[in-house]
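Each chain, letter by letter, is given below.
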Amino acid sequence: MPLTAILLVLGAGFLHASWNLILKRTSQRLLVTSWGLLIGAIIFAPALFPAWPPPARVWPYAVCSALTLVAYYTCLARAYEHGDFSLVYPVARGTAPAMLAVWAIIFLGERPSPVGLLGILAILGGLVVLGGAPLWSRRKGMGSWRALRTHTRGSGFAFLVAFLVSIYTAIDGGAMRHWSPLPYLVVVFALSGAALISLQTIREGKQVFQVLRTHWLPTVAIAVMTLAAYSLVLSAFRIAPVSYAGAAREIGIVFGALAGWLLLGERFGGIRTAGAALVFAGIAALALAR
């Protein structure tokens, strides 16, 4: 995988972990992310002018991606209601690379090399270790049925999020064969943000708009970082296989676990250190893969 692609996904991983940390520390998470999508599309709308109109073949990708994002953000908000940041984030992002590799092989015609497959497997193994660390560190306290049920519920939503991540990433990877990253994301974020805001306005009325007054700073920060992070990922997709770049972007999980430890007082420990080392080893393998 080209060095440029690795640098792009490293930057994307840092930004992604950062906005997820901001989201975890806010209330009204689904509303904040919904407005973040729409505001991000508005802020970056000038990118549409030189690229308009979109190629006709891009619209099916954009609509399918937007619908998947609606489901993704809904499940992500629920996952953070039931689980720690350092559990939900690694599990949600950590199992996606394996699913994405399957979709890339089936639908995008990619054929990872042996070294590439080894790198993907190393990253997946490291992310599973990172995601399972909270369970192992709390094993003595899991005797309580309530604690076990809470952990299972948080993990369940996180795995569903991982599935949705793999779906929209594969869709967007295919779209990059037909259009540029930033204008494409403006269209997708506008569609998904408008859909989420409309659905929540029907359910919650004026509260949807009050969030802009009470949470405007995190909303704008999430808006900018979300679109910037994913545009870096899509740029990497244009110069590297989706299965490779999609796996390497999950370096954000290591950043997320570190943030949960340093900023939220969550445990890190030896298990997560081993998981992080595996992730870095996998990225190194992808750097050598062809």
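Please read these numbers as outputs of a predicted model, since none were measured by experiment.

**Quick word on the packing of helix H2 (residues 29-43) against helix H8 (residues 181-204)**
Taken N-terminus to C-terminus, the directions of H2 and H8 make an angle of 140°; their axes are 7 Å apart at the nearest point. The angle between H2 and H8 places the two elements in the oblique class. In this structure, the crossing between H2 and H8 has a hand that is left-handed. Listed contacts from H8 to Leu30, Leu31, Ser34, Trp35, Leu37, Leu38 and Ala41 of H2 are Val186, Phe189, Ala190, Ser192, Gly193, Ala194, Leu196, Ile197, Gln200 and Glu204. For the contact of H2 with H8, the class distribution of residues is 12 nonpolar, four polar and one charged.

**Digging into the nonpolar core**
By size, the foremost hydrophobic cluster in this structure holds 82 residues, and its most contacted members are Met1, Trp19, Tyr72, Tyr73, Leu76, Tyr184 and Phe189. With 12 residues, helix H3 (residues 58-82) is the largest single contributor of residues to this core. Not counting the four nearest positions on each side in its chain, Trp19 is found in contact with Thr33, Tyr72, Tyr73, Leu76, Ile222, Met225 and Thr226.

**Some words on the environment of Ala236**
Mapped onto the elements, Ala236 comes out in helix H10 (residues 216-237). When its relative accessible area of 0% is taken as the criterion, Ala236 is described as buried. Separated by 224 residues in the primary sequence, Ala236 and Ala12 place their C-alpha atoms 9.8 Å from one another.

**Regarding a nonpolar patch on the surface**
Nonpolar side chains collect at one region of the surface, where Ile43, Trp216, Leu217, Val220 and Val224 lie side by side and expose about 450 Å² of accessible area between them. If you tally residues by element for the nonpolar patch, the top one is H10, at four residues. Checked against the element boundaries, Leu217 lands in helix H10.

**Here's the deal with the layout of surface pockets**
Within this model, the second largest pocket holds a volume of roughly 180 Å³. Lining the second largest pocket are Gln28, Arg29, Leu30, Leu31, Thr74, Ala77, Arg78, Glu81, Gln200, Arg203 and Glu204. Elements that contribute at least two residues to the lining of the second largest pocket include exactly H2, H3 and H8. In terms of residue class, the lining of the second largest pocket is made up of three nonpolar, three polar and five charged.

**Description of the packing of aromatic side chains**
In this description, a pair of aromatic rings is defined by centroid distance and the angle of the planes. The full count for this structure, using the stated rule, is seven aromatic pairs. Relative to Tyr73, the ring of Tyr72 lies with its centre 4.8 Å away and its plane at 70°, an arrangement referred to as edge-to-face. Given a relative accessible area of 1%, Tyr72 falls into the buried group. The interplanar angle of 90° and the centroid separation of 5.7 Å between the aromatic rings of Tyr168 and Tyr230 together place this pair among those described as edge-to-face. Linking Tyr168 in helix H7 (residues 145-175) with Tyr230 in helix H10, this pair joins segments that are 62 residues apart in sequence. You can call Tyr230 buried: its relative accessible area is 6%. Here the aromatic residues Trp19, Tyr72, Tyr73, Tyr168 and Tyr230 are joined through ring pairs into a cluster of three or more.

Reading the values: rules and limits
- Residues numbered from 1 in each chain as written.
- Predicted model: local features only at pLDDT ≥ 70, side-chain atom pairs only at ≥ 80, totals over all residues.
- Heavy atoms only, no water.
- Axes fitted to C-alpha atoms, helices over the stretch in contact; angles between N-to-C directions.
- Helix = DSSP H or I, 4+ residues; strand = E, 2+ residues; numbered from the N terminus.
- Parallel < 35°, antiparallel > 145°, perpendicular 65-115°, else oblique.
- Left-handed = near helix turned anticlockwise from the far one by under 90°.
- Contact = heavy atoms within 4.5 Å.
- Nonpolar A, V, L, I, M, F, W, Y, C, P; charged D, E, K, R; others polar.
- Core = buried A, V, L, I, M, F, W, Y, C linked by side-chain atoms within 4.5 Å.
- Buried < 20%, exposed > 50% of the residue type's maximum accessible area, 1.4 Å probe, protein only.
- Patch = residues over 30% accessible without salt bridge, like charges linked within 9 Å, V, L, I, M, F, W, Y side chains within 5 Å.
- Areas by Shrake-Rupley, 256 points an atom, 1.4 Å probe, with all protein chains shown as cover.
- Salt bridge = Lys/Arg side-chain N within 4 Å of Asp/Glu carboxyl O.
- 1 Å grid on protein atoms, 1.4 Å probe; cavity = no way out; pocket = protein on both sides within 12 Å on 5 of 7 lines; lining within 4 Å.
- Points joined across faces, edges and corners; volume = space filled by probe spheres on them.
- Phe/Tyr/Trp six-rings, centres within 6.5 Å; stacked < 30°, edge-to-face > 60°.

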